[in-house]
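These are the residues of each chain, in order.
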Amino acid sequence: PIFHDTTTDRGEHTVVDAQTRLDELGTARSTTAIAERAELLRVLGRLDEALAVSEESYRLAFFTGDRERVTEARLRRARVLRDRGSLERALSEAKACHQTARAEGWGELEASALYQQANMLVESGRLEDARDTVSQLIELRMAQHAPPEHLASLNRALEVILRRMIPESPASTS
């Protein structure tokens, strides 16, 4: 990712914590527990299981009729898809989540969807789109009165993208 994403941090400490929490959850069937299980499996790199559980999480959210939970479940599924290498499908899902969250006025969810979308765009080499998405995210987070350190991090990410967009000069390629 272009900027630190704690949801994809797979450091040793995080893996141990994720496994411990997964064991604690056991077979709990609440929508919250299933959603958490999907994320934990993703962090642990157990992506086939994570996809199956994220699909289950989506279905349960859908049946509750809570559109915000459905959108959260779709964004969770998009992260799993990205990690599994289905970048275009994940990006399509993240964009749809962003549009829904924006239309409904779910600011935090909108920011999360934009964040995921920006990372996916960078991963796919679509730097102009990534630049535009990070710019949107900065504007949104400013309007939400995000902490200055968060805005600074987003601005640094934008700078990195802009630098990557500058073509190499012929002198530096020889």
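Residues numbered from 1 in each chain as written. Predicted model: local features only at pLDDT ≥ 70, side-chain atom pairs only at ≥ 80, totals over all residues. Heavy atoms only, no water.

1. Overview of the overall build of the protein
And step 1. Of regular secondary structure, the protein possesses 8 helices and 0 strands.
And step 2. When the elements of the protein are put in sequence order from the N terminus, they spell out α-α-α-α-α-α-α-α.
And step 3. In the structure as shown, the protein presents an accessible area of about 9300 Å², 51% of it carried by carbon and sulfur atoms. (Helix = DSSP H or I, 4+ residues; strand = E, 2+ residues; numbered from the N terminus. Areas by Shrake-Rupley, 256 points an atom, 1.4 Å probe, with all protein chains shown as cover.)

2. What about the pattern of salt bridges?
And step 1. What the rule picks out here adds up to 19 salt bridges.
And step 2. Here arginine 21 makes a salt bridge to glutamate 36, at a shortest N to O gap of 2.6 Å. Taken together, the positions of arginine 21 in helix 1 (residues 12-25) and glutamate 36 in helix 2 (residues 31-43) put the pair 15 residues apart, joining distant regions of the chain.
And step 3. On the basis of relative accessible area, glutamate 36 is assigned to the partly exposed category, the value being 27%.
And step 4. For aspartate 83, the salt bridge goes to arginine 82, with nearest N and O atoms at 3.1 Å.
And step 5. The exposure class assigned to aspartate 83 is partly exposed, which follows from its relative accessible area of 22%.
And step 6. Through salt bridges with shared partners, a single ionic network connects Glu39, Arg42, Arg79, Arg82, Asp83 and Glu123. (Salt bridge = Lys/Arg side-chain N within 4 Å of Asp/Glu carboxyl O. Buried < 20%, exposed > 50% of the residue type's maximum accessible area, 1.4 Å probe, protein only.)

3. Quick word on the nonpolar core
And step 1. Leu75, Met120, Val134, Leu137 and Ile161 are the most contacted members of the largest nonpolar core, which totals 42 residues.
And step 2. Of all the secondary-structure elements, those providing two or more residues to this core are helix 1, helix 2, helix 3 (47-64), helix 4 (67-84), helix 5 (87-104), helix 6 (107-123), helix 7 (127-143) and helix 8 (148-165).
And step 3. Sorting elements by how many residues they give to this core places helix 6 first, with 9 residues. (Core = buried A, V, L, I, M, F, W, Y, C linked by side-chain atoms within 4.5 Å.)

4. What to know about helix 7
And step 1. Given a rise of 1.5 Å per residue, 17 residues ought to cover 24 Å, and the 24 Å separating the end C-alpha atoms of helix 7 matches this to within 8%.
And step 2. Every buried residue of helix 7 is listed here: Leu127, Ala130, Thr133, Val134, Leu137, Ile138, Leu140 and Arg141. Seen along its axis, helix 7 keeps its buried residues to an arc of 165°; they face one direction. Facing away from the buried side of helix 7 by over 90 degrees, the exposed positions are Glu139 and Ala143.
And step 3. In this structure, the buried residues of helix 7 make contact with helix 6 and helix 8.
And step 4. One or two residues past the end of helix 7 sits histidine 145, with phi positive at roughly 60°. (Expected span 1.5 Å × (residues − 1). Arc of directions from axis to C-beta. Contact = heavy atoms within 4.5 Å.)

5. Observations concerning the side chain of glutamine 117
And step 1. Tracing the backbone through its elements, the reader meets glutamine 117 in helix 6.
And step 2. Ignoring sequence-local partners within four residues, the contact set of glutamine 117 consists of Leu91, Ala94, Lys95, His98 and Thr133.

6. Points about the packing of helix 2 against helix 3
And step 1. Orientation of helix 2 relative to helix 3, taken along the N-to-C sense of each, is 155°, at an axis distance of 8 Å. Taken together, the axes of helix 2 and helix 3 lie roughly antiparallel to each other. Between helix 2 and helix 3 lies a crossing of left-handed hand. Residue-level inspection shows Thr31, Ile34, Ala35, Arg37, Ala38, Leu41 and Arg42 of helix 2 in contact with helix 3, the latter providing Leu47, Glu49, Ala50, Val53, Ser54, Glu56, Ser57, Leu60 and Thr64. (Axes fitted to C-alpha atoms, helices over the stretch in contact; angles between N-to-C directions. Parallel < 35°, antiparallel > 145°, perpendicular 65-115°, else oblique. Left-handed = near helix turned anticlockwise from the far one by under 90°.)

7. Brief notes about the side chain of serine 57
And step 1. Locating serine 57 in the fold gives a position in helix 3.
And step 2. Side chain to side chain, serine 57 and arginine 76 meet in a polar contact 2.8 Å long.
And step 3. In this view, serine 57 contacts Ile34, Ala35, Ala73 and Arg76; residues no more than four positions away in its chain are not counted. (Polar contact = N/O pair within 3.5 Å; in protein donor to acceptor, adjacent residues only side chain to side chain.)

8. Brief notes about unusual backbone geometry
And step 1. Phi at histidine 145 is positive, roughly 60°, even though this residue is not glycine.
And step 2. Mapped onto the elements of the fold, histidine 145 is located in the loop between helix 7 and helix 8.
And step 3. Residue histidine 145 is classed as exposed on the basis of its relative accessible area, which comes to 71%.

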